[in-house]
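# Descriptive analysis of the structure
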Amino acid sequence: MSYGPISVFPGTIASGESTLTSIDLSKAWSRVFIEVPSLSTAVVFDVYGSSDNSTFRPVFSRTNTQVVAYQALTVATTVTNGIAPLDGVGTRYVQLRGSATVANGVAIKLICWD
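Residues numbered from 1 in each chain as written. Predicted model: local features only at pLDDT ≥ 70, side-chain atom pairs only at ≥ 80, totals over all residues. Heavy atoms only, no water.

Right, let's talk about the overall build of the chain for a bit. Looking only at helices and strands, the chain features 0 helices and 11 strands. Helices and strands appear in the chain in the N-to-C order β-β-β-β-β-β-β-β-β-β-β. Burial status across the chain gives 35% buried among its 114 residues. Summed over its atoms, the accessible surface of the chain is roughly 6500 Å², and 50% of this surface lies on carbon and sulfur atoms. (Helix = DSSP H or I, 4+ residues; strand = E, 2+ residues; numbered from the N terminus. Buried < 20%, exposed > 50% of the residue type's maximum accessible area, 1.4 Å probe, protein only. Areas by Shrake-Rupley, 256 points an atom, 1.4 Å probe, with all protein chains shown as cover.)

This is the structure in structure tokens:
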């Protein structure tokens, strides 16, 4: 099965910071994955999206419970040194807000395809 061309968009969280300001994905993609390298800090990233690169709002994912609910999309510490899907992003601009500042900087990649 072919998914077509894959695009990779890099972003960096500087040492001593907790937020990746914005990654421009050039459009909204069907599938978005996040690649997170090893982190020296235990941090959870909340995912925010924007259509105008100005106003960022939390991205919510559907939770299939008895009553359909939504929860904020987060990237847990356990994803470090791995790749995880970011289902439901649906916006051109993505921002990550960490629960703590990172040490030594972090190079994040978003891997996208349709």
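Anyway, onward from the coordinates.
For strand 3 (residues 31–36) and strand 11 (residues 106–113), the ladder comprises 5 bridges, and the chain directions are antiparallel. Residue pairing across strands places Val-32 opposite Cys-112, the latter belonging to strand 11. Two elements, strand 3 and strand 9 (residues 82–85), share 4 bridges in a ladder whose sense is antiparallel. Paired with Glu-35 across the bridge in strand 9 is Ile-83. (Pairing = 2+ DSSP bridges.)

For the rest of this paragraph, the subject is the nonpolar core. Core analysis: the largest hydrophobic core is formed by 25 residues, its most contacted members being Leu-25, Ile-34, Val-47, Leu-86 and Leu-110. Sorting the residues of this core by element identifies strand 1 (7–13), strand 2 (19–24), strand 3, strand 4 (45–50), strand 10 (93–98) and strand 11 as the ones contributing at least two each. When residues in this core are grouped by element, the largest group, 4 residues, is from strand 11. Discounting chain neighbours no more than four positions away, the residues touching Leu-110 are Ser-7, Val-8, Phe-9, Ile-23, Leu-25, Val-32, Phe-33, Ile-34, Leu-86 and Val-94. (Core = buried A, V, L, I, M, F, W, Y, C linked by side-chain atoms within 4.5 Å. Contact = heavy atoms within 4.5 Å.)

In this section: the pattern of salt bridges. Scanning the entire structure with this criterion turns up 2 salt bridges. Measuring nitrogen to oxygen at the nearest pair gives 2.8 Å for the salt bridge that ties Arg-92 to Asp-24. One end of the pair, Arg-92, is in the loop between strand 9 and strand 10; the other, Asp-24, is in strand 2, with 68 residues separating them in the sequence. Since its relative accessible area comes to 35%, Arg-92 is described here as partly exposed. Asp-24 sits in the partly exposed class, given a relative accessible area of 34%. Residues Asp-114 and Lys-27 are paired through a salt bridge, measuring 2.2 Å at the closest nitrogen-oxygen approach. Placement of the pair is Asp-114 in the segment after strand 11 and Lys-27 in the loop between strand 2 and strand 3, with a sequence separation of 87 residues. With a relative accessible area of 41%, Asp-114 lands in the partly exposed category. (Salt bridge = Lys/Arg side-chain N within 4 Å of Asp/Glu carboxyl O.)

The next point concerns unusual backbone geometry. In this model, Asn-53 sits at a positive phi of 60°, which is unusual for a non-glycine residue. On the secondary structure map, Asn-53 appears in the loop between strand 4 and strand 5 (57–58). Phi is positive for Asn-104, close to 70°, though the residue is something other than glycine. By the element assignment, Asn-104 lies in the loop between strand 10 and strand 11.

As far as function goes, none of this settles anything; it's purely spatial.
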